[in-house]
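# Understanding the architecture of this molecule
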Amino acid sequence: MKRIEAIPEVKRHLHIVLCGDNINAVSILRSLGEVGLRPTVIMVDEGHVPLVSKCRYVGKLIQTKSFDESLQQLLSLADPQCPPFVYTSDDNHQSLIDLHYDELKQGFYFFNAGEAGRVTYFMDKNNICLAAKECGFTIAESEVLKPGQLPQHIHYPVITKTLNPYEDGWKRDVGIYHDPESLAKAYTQMVSKTLLVQEYIVKKNELSMQGFSIDAGRIVYLPFKRQYFRFTDSAYGSYCYYKTYQDDDLYNKIVALLRMIRFSGNFEIEFLEKQDGSLVFLEINFRHALSNYASTIGGINLPYEWAKATLLHSVDGLHPTKDYFTAINEFKDFNTFVKSGKIGLLPWLKDLVTADSYYLWNKHDPKPLFSFYLGKLTRKRRK
């Protein structure tokens, strides 16, 4: 992969990664680092295995004890004359800057929808699905329910999801239920205050696209579609491939949705592919997605290109260098498919060795991976 250097217009700005200690933040740092940028990191300490602090591309690390402290540290770096670029790694931090839009809008470039609270509103899965339906997407039948309430208008099987991605139960309360009895029993173990209960669709595959939007959706850039070699019934896969694509109808619907929201920033849009090949809209993540670094392998450095396009108001001349490449979330894929016996170790090792991109491993930045596995071993021994 040919190394490129950030243009002077981008390099003169401060770049800030607002994050928790997670691999998503590391992937943003790697992408920015590979064009010669060394971001300042404002990271809330959540007691995780250290990853971000081990990344070679950190310029300055500011650790905080709370989201509010992170916000105050961020505000102290405001510069209306040369606004820093802010990159978010998770929904909690994205909602934080969205809700404080008015305090940030003069001093920073950041992911936003032009007013305080608007991105957070569309993080609600029901709100974004209704907006997507207005723009011509097919959505799953669903009901918004409190734990204990049974759906009245959709047929079983159903899948439960937290209504907002920053609630405590956003992972643990996801489940598939084939009858009212099993759903009622599951409710007793859930922690979410409100749930989106949807018809369960037997998927042929999953499809997602990662890109960026500038000037409230005036320009939307989507270089690749991503699909999976393997996945589970209730979760996204962890071994995937990227391809360039031509689908003007899908692209136009995505543009219409982003313009309705008035979103500017990096994002990921997700779909289920039904058995007949048609797509069902799921959600938009208004931030960097976990696998964003893979696009850098394909020649599109998403965080850097968003910053450049924000300044130049153009994506002219931006083209992928690869039409096809693969990526693997090595830890999750091993745990999900090898440990469960769904795939043999030797075939999995072949997939691992031949992958073009990894979530943890990076030959130019290996320390986060070593820290991750050392931390896992240490915690396992303590137990």
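See above for the structure.
Described below are features of the structure shown in this document.

Calculation notes
- Residues numbered from 1 in each chain as written.
- Predicted model: local features only at pLDDT ≥ 70, side-chain atom pairs only at ≥ 80, totals over all residues.
- Heavy atoms only, no water.
- Axes fitted to C-alpha atoms, helices over the stretch in contact; angles between N-to-C directions.
- Helix = DSSP H or I, 4+ residues; strand = E, 2+ residues; numbered from the N terminus.
- Parallel < 35°, antiparallel > 145°, perpendicular 65-115°, else oblique.
- Left-handed = near helix turned anticlockwise from the far one by under 90°.
- Contact = heavy atoms within 4.5 Å.
- Nonpolar A, V, L, I, M, F, W, Y, C, P; charged D, E, K, R; others polar.
- Pairing = 2+ DSSP bridges.
- Polar contact = N/O pair within 3.5 Å; in protein donor to acceptor, adjacent residues only side chain to side chain.
- Core = buried A, V, L, I, M, F, W, Y, C linked by side-chain atoms within 4.5 Å.
- Buried < 20%, exposed > 50% of the residue type's maximum accessible area, 1.4 Å probe, protein only.

Contact geometry for helix α12 (residues 330-338) and helix α13 (residues 345-354): axes closest at 11 Å, N-to-C directions at 160°. Considering their axes alone, α12 and α13 lie roughly antiparallel with respect to each other. Where α12 crosses over α13, the two elements pack in a sense that is right-handed. Contact with α12, carried on its side by Glu330, Asp333, Phe334 and Val338, involves Leu345, Trp348 and Leu352 of α13 and no other residues of that element. The residue makeup of the contact of α12 with α13, split by class, is five nonpolar, no polar and two charged.

A few words now on the sheet that holds strand β7 (residues 175-177). The four strands lie next to each other as β5-β8-β6-β7, forming an open sheet whose pairing is antiparallel. At either end of the open sheet lies a strand with only one pairing partner, and these are β5 (142-145) and β7. Geometrically, the sheet is characterised by an average inter-axis angle of 25° between neighbouring strands, direction not taken into account. Summarising the sheet, β5 and strand β8 (residues 195-199) pair through four bridges and their orientation is antiparallel. By the bridge assignment, Ser142 is partnered in β8 with Gln198.

Looking now at the side chain of Asp365. As for its placement among the helices and strands, Asp365 is situated in the loop between β16 (357-358) and α14 (367-382). Looking at Asp365, its side chain comes within polar contact range of the side chain of Arg30, at 2.9 Å. Each residue touching Asp365, except ones within four places of it in the same chain, is listed here: Val26, Arg30, Lys54, Cys55, Arg56 and Tyr57.

Attention shifts here to the packing of helix α7 (residues 125-134) against helix α9 (residues 248-261). Closest axis-to-axis distance for the α7/α9 pair is 9 Å, and the angle between their directions is 125°. Of the possible angle classes, the one that applies to α7 and α9 is oblique. Considering the relative orientation of α7 and α9, their crossing is right-handed. Along the contact surface, α7 presents Ile128, Ala131, Ala132 and Glu134, while α9 presents Leu257, Met260 and Ile261.

Let's shift gears to the sheet that holds strand β1 (residues 15-19). Across the sheet, which stays open at both edges, the four strands sit in the order β3-β2-β1-β4 with parallel pairing between neighbours. Because the sheet does not close on itself, it has two edges, and the strands there are β3 (60-64) and β4 (85-88). Taken pair by pair, the neighbouring strands of this sheet meet at an average axis angle of 20°, ignoring direction. In the packing of helix α2 (residues 23-33) onto the sheet, the strands contacted are β1, β2 (40-44) and β4, and the crossing angle to β1 comes to about 170°.

Locating Asn362 in the fold gives a position in the loop between β16 and α14. Of note is the side chain of Asn362, whose polar atom sits 2.9 Å from the backbone nitrogen of His364.

Judged by nonpolar contacts, the single largest core of 73 residues is most densely connected at Leu257, Phe281 and Ile284. If near-sequence neighbours (up to four positions away) are discounted, Phe281 is found in contact with Ile128, Cys129, Ala132, Phe137, Thr138, Ile139, Leu257, Ile269, Glu270 and Phe271.

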